[in-house]
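# Survey of secondary and tertiary structure
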Amino acid sequence: MFNDIGALELVTIVVLAILVFGPDKLPKVIQDVSGVIRKIRAFSDSAKQDIRSELGPEFKDFEFEDLNPKTFIRKQLTENEDLKEIRSSFDLRKELNDVTDAVNSKETDSAAAPAGPSAAPAGAGADLLKKPAAPAAEQRARFDADAT
């Protein structure tokens, strides 16, 4: 409950309590505060039980901690069967290796091919690194395509 209170803050609270209530009344105040905290916890537990009983048997595994967004997302990601199936069917390493092999084989094919344009195989795709030849004068457009 008080996980983020350090030693210095705790000492400061104790000193302020002694100054405000005095050393004579401090034990009575501590008893009253602890009694109020017990009553709040009991009220909270009974409210949780009432909500669970009203929801019915469909929500028997309902936990109020699941209403925390972080807990809800973590539970949905780890327990959802559809996501487990998708995660198991998708192997990122295999996909990456396939792409790497495809790129490496393409590079070795282009490196092994002769430099002449007539020596390219009939089934090979266009070389994307090579600039296309300039069109003939009668095929050129009358405007600059890059300027528009």
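Quick caveat, the model's predicted, so the values are computed rather than measured.

## Overview of the confidence of the model for the chain
- Looking at the chain as a whole, the pLDDT averages 77, with 70% of positions reaching at least 70.
- Between residues 116-120, whose pLDDT stays under 50, and residues either more than four places distant or in other chains, the model counts one contact.

## Overview of a nonpolar patch on the surface
- A cluster of nonpolar side chains, contributed by Val11, Val15, Leu16, Leu19, Val20 and Phe21, occupies part of the molecular surface with about 590 Å² of accessible area.
- Inspection of the secondary structure puts leucine 16 in helix H1 (residues 7-55).
- You can call leucine 16 partly exposed: its relative accessible area is 48%.

## A closer look at H1
- Along its 49 residues, H1 runs just 43 Å from first to last C-alpha, ending more than 12% under the 72 Å computed at 1.5 Å per residue.
- Most pronounced at glycine 22, the bend in H1 amounts to some 105 degrees, and the proline proline 23 follows within four residues.
- Where H1 is concerned, the buried positions are Ala17, Gly22, Leu26 and Gly35.
- Two residues or fewer after H1 comes glycine 56, characterised by a positive phi angle close to 95 degrees.

## Thoughts on the pattern of salt bridges
- Inspection of every chain in the model, using the stated rule, returns two salt bridges.
- Aspartate 32 serves as the salt-bridge partner of lysine 28, at 3.3 Å between the closest nitrogen and oxygen. You can see lysine 28 and its partner aspartate 32 sitting in helix H1, four residues apart, about one turn around the helix.
- Taking relative accessible area as the criterion, aspartate 32 reaches 39% and is therefore assigned partly exposed.
- Between lysine 94 and aspartate 98 there is a salt bridge, and its shortest N-O distance comes to 3.6 Å.

Definitions and limits used
- Residues numbered from 1 in each chain as written.
- Predicted model: local features only at pLDDT ≥ 70, side-chain atom pairs only at ≥ 80, totals over all residues.
- Heavy atoms only, no water.
- pLDDT = per-residue confidence, 0-100.
- Contact = heavy atoms within 4.5 Å.
- Patch = residues over 30% accessible without salt bridge, like charges linked within 9 Å, V, L, I, M, F, W, Y side chains within 5 Å.
- Areas by Shrake-Rupley, 256 points an atom, 1.4 Å probe, with all protein chains shown as cover.
- Salt bridge = Lys/Arg side-chain N within 4 Å of Asp/Glu carboxyl O.
- Helix = DSSP H or I, 4+ residues; strand = E, 2+ residues; numbered from the N terminus.
- Buried < 20%, exposed > 50% of the residue type's maximum accessible area, 1.4 Å probe, protein only.
- Expected span 1.5 Å × (residues − 1).
- Bend = angle between axes of the 7 residues up to and from the residue.

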